[in-house]
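# Structural features, examined
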Amino acid sequence: MSLARRVTLPAAILSLAIGAAAYAQQEFSGAINARQGHMQIMAFNVGILGNMARGNTEYDAEAATTAASNLAALAMVDGRGYWVPGSDNGAVENTRALPAIWEDMAGFGADWQAYGEAVTGLQAAAGNGLDALRGAMGPLGNACGACHDDFRQPSD
Amino acid sequence: MGRLILSCALAGCLAIGMFWLLTAPERSDAALLSGLEGDARRGEAVFWAGGCASCHAAQEATGDDRLVLSGGRAFASDFGTFIAPNISPHPEAGIGGWSDLAFVDAMRNGVSPDGRHYYPAFPYTAYRLATVQDMLDLRAFIDTLPPSAQPSLPHEVGFPFSIRRLVGVWKRLHMPDGYAVSGPLDPVAERGRYLSEALAHCAECHTPRNRLGGLDRDLWMAGAPNPNGEGRIPGITPDRLSWSEADIAAYLRDGFTPDFDSAGGHMADVIRNLAMLEDADRAAIAAYLKALPESE
């Protein structure tokens, strides 16, 4: 084997491997952006309610009801298109989604269901005064936290 | 020659004797409890602040099931896997048959009723700083919970860590004799220090450890590698955590960060416990975090 071939063959294999990883990265970037965006819209609406509950902003029944309805609508979105197998934090970058999601789809689905239930409680409470809203924030935080606990890598 | 063997044997005996003496379990005197009586109602707050359910309730237990302290949860460590025992008031499977003194010894000295050392996976290094009254209240509360007949499982710990007597050496090195944060504190932060250091054992996760698994008290709450291997547990000293006191207190109640992401990892479970406390107690913990020395 010539020197050139000895160097280029491994280099070619290596670049192929990198290429495959880059391809996986690219293939999933849309899905990852979409699900993180979904989470961000949830956090934005939780923020409207949470800032009222914490006394950072004035309580406003109408705005609270709107935010709670948005959260309910977000719970109804079928996200199967962007929770795609192979897009976990072990395989690709820029995601904190743990492989556990795909190892335990039923558990992940149950946590999503529990979030939907917490939001139903929130919808009933949000327009009903500050105390009712404050009371419903805890169960909501629990529902988000329960899923992040099992299925999201802690922040670094 | 005979003399040499004899003196060697003597030295050996002496060393063993010293080891035995130095690793002897520390027991409390019964006088410690005299005149004190447990109050189950007050004990409930101690229970949630102490986070007992996080380890002694079944894995994934939610709602009222977190009050069934059947044990069974496993904790992997560099030294082996520890399995939390049944501490429900069941007379045989749990601790229903224990005296109050035995309970206080377990909590504050890490010593079992038959005089053996517990492993520090059971955070008695924190509970050691708790008041005797709080421990009796806690016992009274646990007595009101449902008994579970589920037997405790043995730990999966290999030699030499399987020798409990060795824990005596560890205790000599790492049992705290006082608070990590010693400075003068206002009464609110002082309450927060009690809750955080003696009961809620925040440092067990937020402080890095040395090679023997003891907390590095010079880096108190400075953040630590996550024992699960995923990510890091964040530092929460004022130079690392810029949240307002109100934001910290609210996070400990509803689990939302100031930008309304939600807490994950083991913190979500800690918050499920702390959410059961009075607002004033969470505000006290927040004041204590603000009073921590900087870690850099």
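Residues numbered from 1 in each chain as written. Chains lettered and ligands numbered in written order. Predicted model: local features only at pLDDT ≥ 70, side-chain atom pairs only at ≥ 80, totals over all residues. Heavy atoms only, no water.

Under an unreviewed UniProt entry, the name given to chain B is Diacylglycerol kinase, and the source organism is Rhodophyticola porphyridii.

Under an unreviewed UniProt entry, the name given to chain A is Cytochrome c, and the organism recorded is Rhodophyticola porphyridii.

Within an α-helix, residues lying three or four positions from one another point in the same direction, as the helix has 3.6 residues per turn. All names here are of chain B. The terminal C-alpha atoms of helix H8 (residues 187-199), which comprises 13 residues, lie 17 Å apart, in line with the 18 Å expected from a rise of 1.5 Å per residue. Considered for burial, the residues of H8 that qualify are Ala189, Gly192, Arg193, Tyr194, Leu195, Ser196, Glu197, Ala198 and Leu199. Against the buried residues of H8 lie helix H2 (40-50), helix H5 (124-127), helix H6 (132-142) and helix H12 (279-290). N-capping of H8 is provided by Asp186, with a side-chain oxygen placed 2.9 Å from the backbone N of Val188. A positive backbone phi angle near 40° is found at His201, which sits one or two residues after H8. (Helix = DSSP H or I, 4+ residues; strand = E, 2+ residues; numbered from the N terminus. Expected span 1.5 Å × (residues − 1). Buried < 20%, exposed > 50% of the residue type's maximum accessible area, 1.4 Å probe, protein only. Contact = heavy atoms within 4.5 Å. Polar contact = N/O pair within 3.5 Å; in protein donor to acceptor, adjacent residues only side chain to side chain.)

All names here are of chain B. One can find Ser196 in helix H8. Since its relative accessible area comes to 1%, Ser196 is described here as buried. In this view, Ser196 contacts His201, Cys202, Ile285 and Tyr288; residues no more than four positions away in its chain are not counted.

As a measure of interface size, the accessible area lost when the parts come together is often cited. The interface of chain B with chain A comprises 24 residues on the first partner and 27 residues on the second. Connecting chain B to chain A are four salt bridges. The shortest N-O distance in the salt bridge between Arg54 of chain A and Asp254 of chain B comes to 3.0 Å. Applying the counting rule to chain B against chain A returns six residue pairs in polar contact (both at pLDDT 80 or more). Broken down by element, the residue count for the side of chain B that touches chain A peaks at five residues, all from helix H10 (residues 245-254) of chain B. Among the residues making up the side of chain B that touches chain A, the classes are represented as seven nonpolar, seven polar and 10 charged. (Salt bridge = Lys/Arg side-chain N within 4 Å of Asp/Glu carboxyl O. Nonpolar A, V, L, I, M, F, W, Y, C, P; charged D, E, K, R; others polar.)

Another aspect to go through is the pairing of strand S1 (residues 74-77) of chain B. Residue and element names in this part refer to chain B. Two elements, S1 and strand S2 (residues 80-83), share four bridges in a ladder whose sense is antiparallel. If you follow Ala74 over to S2, its bridge partner there is Ile83. Here S1 folds back onto S2, and the loop between the two strands holds two residues. (Pairing = 2+ DSSP bridges.)

Moving on to the domain arrangement of chain B. Residue and element names in this part refer to chain B. Domain boundaries assigned for chain B yield domain 1 (35-174) and domain 2 (187-291). On a C-alpha basis, the centres of domain 1 and domain 2 stand 22 Å from each other. Taken together, the 24 residues of domain 1 in the interface contact 18 residues of domain 2. For the pair domain 1 and domain 2, the summed buried area comes to about 1,700 Å², and 58% of that belongs to carbon and sulfur atoms. Scanning the region where domain 1 abuts domain 2 turns up one salt bridge. For Asp269, the salt bridge is made with Arg66, and the minimal N-O distance between the two is 3.5 Å. Between domain 1 and domain 2 we count nine residue pairs in polar contact (both at pLDDT 80 or more) in total. Mapped by element, the contributors of at least two residues to the side of domain 1 that touches domain 2 are H2, helix H3 (52-56), H5, H6 and helix H7 (167-174). Of all the elements, H2 adds the most residues to the side of domain 1 that touches domain 2, at five residues. Of the residues in the side of domain 1 that touches domain 2, the class split is 15 nonpolar, six polar and three charged. (Domains from an automatic or database assignment. Buried area = accessible area lost by both parts, 1.4 Å probe.)

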